[in-house]
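# Remarks on the overall topology
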Amino acid sequence: MDNIKYLSNLELEIYHYVIAHKDTITKMKMKELSAILHVSPAMISRVAKKLGYVGFTEWKIALKIDNNEYIKPNESNLNYIMDFFQRVNDGEFDEDVREVGKMVAQGDTILFYGLGISDGIAKAGAMLFNRHGKNAIHVEDFSSRIDVFHQDDVAIVLTVSGETPEMIQVLTLLKERHIQTVAITNLATSLAARSSDKALCYYMPNMRDQHFFSNATQVPVIYYLEAIANELKQYGID
């Protein structure tokens, strides 16, 4: 990996330890690894990002794939969901949710976008945030004029693939209005994730049936929204 040459001596030590112990690293939380190495979780996350990963979670998934540990897509979604909730206990997850929670708390109006099943969850997300005392609207009509919104608003875009042309167009228009965007999507490598100010990813198998409908579970999306809504309490919003 070419990025290794950009690691400092301490970062290189972390990298070599992870590679040498990858069989056990894939089952660890970032806090556990930081305790073993006597470094901060932020340092481990920084190494992962220098290597080209979004964070420690994605680095672990890559290690699982290398070890042939990652579950094949034709196996039960329950295994993936259980893996997601194991990652929820990672400090990196909490950090991401806190960051988005702060964005939402400081925003004026929260705009929810989605297509298909994601649209239904976007509507539910707007209701959830409103019940938590945060002004939120569900933007159902994608032809609605975005110039009626302003840069103090925050948009939450729900998209499984992160590549749907309509969603990418919405993200582009929102960015032109200098509106902060959060993508809740499957993969950090997707265009939606890379185009947003913040991306929350869940890494679920995403197969399409004969009607081209995605069968990816939406459980992590709902959990993310509830976690963000609960974070608003830290800012006196409830």
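The structure under discussion appears in the preceding block.
Going along each chain's sequence as written, the residues are numbered from 1 onward. Per-residue local features of the predicted model are confined to residues with pLDDT of at least 70, and side-chain atom pairs are confined, for both listing and counting, to 80 or more; whole-chain, interface and lining totals are unaffected and use all residues. Only hydrogens and water are set aside when side-chain values are computed; all heavy atoms of the structure are taken into account.

## Examining the packing of aromatic side chains
A ring pair, where both rings are aromatic, is described by two values, the distance of the centres and the angle of the planes. Definition in use: Any pair of Phe, Tyr and Trp rings, taking the six-membered ring for Trp, is counted once the centres come within 6.5 Å. Such a pair is stacked with planes under 30 degrees apart, edge-to-face with planes over 60 apart, and tilted for the rest. Relative accessibility under 20% of the residue-type maximum defines a buried residue, over 50% an exposed one, and the middle range a partly exposed one, all with a 1.4 Å probe and only protein chains included. Put simply, DSSP H or I for four residues or longer makes a helix, DSSP E for two residues or longer makes a strand, and each gets a number counted from the N terminus.
Inspection of the entire model under this criterion finds 8 aromatic pairs. Here Tyr53 and Trp59 contribute two aromatic rings whose centre-to-centre distance is 6.3 Å and whose plane-to-plane angle is 15 degrees, an arrangement assigned as stacked. Like Tyr53, the residue Trp59 is buried in the burial classification. For the ring pair Phe56 and Trp59, a centre distance of 6.5 Å and an interplane angle of 90 degrees mean the geometry is edge-to-face. Taken as a pair, Phe56 and Trp59 lie in helix H5 (residues 56-66) at a separation of 3 residues, close to a single helical turn.

## Observations regarding the packing of helix H3 (residues 30-37) against helix H4 (residues 41-50)
For clarity, the cut-off: All axes are obtained by fitting lines to C-alpha atoms, using only the stretch in contact for helices, and the reported angles, taken between N-to-C directions, cover 0 to 180 degrees. Just so you know how the angles are binned, under 35 degrees is roughly parallel, over 145 roughly antiparallel, 65 to 115 roughly perpendicular, and the rest oblique. The criterion used for residue contact is that any of the two residues' heavy atoms lie within 4.5 Å. Each residue receives one of three labels: charged for Asp, Glu, Lys and Arg, nonpolar for Ala, Val, Leu, Ile, Met, Phe, Trp, Tyr, Cys and Pro, and polar for the others, Gly being one of them.
Where H3 contacts H4, the two axes come as close as 8 Å, and the packing angle between them is 105 degrees. What the angle tells us is that H3 and H4 run roughly perpendicular. Between H3, through Met30, Leu33 and Ser34, and H4, the contact on the second element is made entirely by Pro41, Ile44 and Ser45. Each residue belonging to the contact of H3 with H4 can be placed in one class, and the counts come to 4 nonpolar, 2 polar and no charged.

## Some points on helix H8 (residues 117-131)
Quick note on the threshold: Expected span of a helix: the number of residues minus one, times 1.5 Å. What the arc covers is the set of directions going from the helix axis to the C-beta atoms.
With 15 residues, H8 extends 21 Å between its outermost C-alpha atoms, agreeing within 8% with the 21 Å of an ideal straight helix rising 1.5 Å per residue. Every buried residue belonging to H8 is among Ser118, Asp119, Ile121, Ala122, Gly125, Ala126 and Phe129, and all of these are buried. Each buried residue of H8 lies within a common arc of 160 degrees when the element is viewed along its axis, so the set occupies one face. Facing away from the buried surface of H8 by more than 90 degrees, the exposed residues are Ile117 and Arg131. In the segment just after H8, Gly133 is the residue with positive phi, at about 90 degrees.

## What to know about H3
Taken together, the buried positions of H3 are Met30, Leu33 and Ser34. Considered in projection along H3, the buried side chains sweep an arc of 100 degrees and stay on one side of the axis. Within two residues after H3, His38 carries a phi angle of roughly 60 degrees, on the positive side.

## Structural notes on the nonpolar core
Put simply, the test is: Within this scheme, the nonpolar core is defined by two criteria: the residues are buried Ala, Val, Leu, Ile, Met, Phe, Trp, Tyr or Cys, and they are joined through side-chain atoms within 4.5 Å.
Judged by nonpolar contacts, the single largest core of 34 residues is most densely connected at Phe112, Phe129, Ile156 and Ile184. For this core, the secondary-structure elements that each account for two or more residues are helix H6 (77-88), helix H7 (91-106), strand S1 (110-114), H8, strand S3 (154-159), strand S4 (180-185) and helix H11 (219-231). Ile156 has contacts with Val104, Ile110, Leu111, Phe112, Tyr113, Phe129, Val182, Ile184 and Leu225, leaving out every residue within four places of it along the chain. One finds Met28, Leu33, Ile44 and Trp59 within the second-largest nonpolar core, a separate group that totals 19 residues.

## Some points on the packing of helix H1 (residues 9-20) against H4
Remark: H1 packs on H4, axes separated minimally by 10 Å, with the N-to-C direction vectors making an angle of 85 degrees. In terms of axis orientation, H1 runs roughly perpendicular to H4. In this structure, H1 contributes Leu10, Glu11 and Ile14 to the contact, and H4 contributes Met43, Arg46, Val47 and Lys50. Looking at the contact of H1 with H4, its residues break down into 4 nonpolar, no polar and 3 charged.

## Considering the sheet that holds S1
We count it as follows: One bridge is not enough; two strands pair if DSSP finds at least two bridges between them.
The strand order across the open sheet built from 5 strands is S2-S1-S3-S4-S5, with neighbouring strands paired in parallel fashion. Only two strands of the sheet have a single partner each, and these edge strands are strand S2 (136-138) and strand S5 (198-201). Within the sheet, the average angular offset between the axes of one strand and its neighbour, ignoring direction, is 20 degrees. As defined by bridge partners, S3 adjoins S4 across 6 bridges and the pair is classed as parallel. Within S4, the position partnered with Ile156 by the bridge is Val182. On top of the sheet, H8 reaches S1, S2 and S3; it is set at about 160 degrees to S1, its chief contact. Sitting on the sheet, H11 is in contact with S1, S3, S4 and S5, with an inclination near 140 degrees to S4.

## Considering the side chain of Thr185
Note the cut-off: We define a polar contact as two N or O atoms separated by no more than 3.5 Å, with the added condition that, inside protein, one atom must be a possible hydrogen donor and the other a possible acceptor, whereas residues neighbouring each other in sequence contribute only through side-chain atom pairs.
For Thr185, the position within the fold is in strand S4. For Thr185, a relative accessible area of 0% corresponds to the buried category. Looking at Thr185, its side chain comes within polar contact range of the main-chain oxygen of Thr159, at 2.7 Å. A distance of 3.1 Å separates a polar side-chain atom of Thr185 from the backbone oxygen of Val160. For Thr185, the contacting residues outside a window of four places in its chain are Thr159, Val160, Ser161, Gly162, Ser190, Ala193, Leu200, Cys201 and Tyr202.

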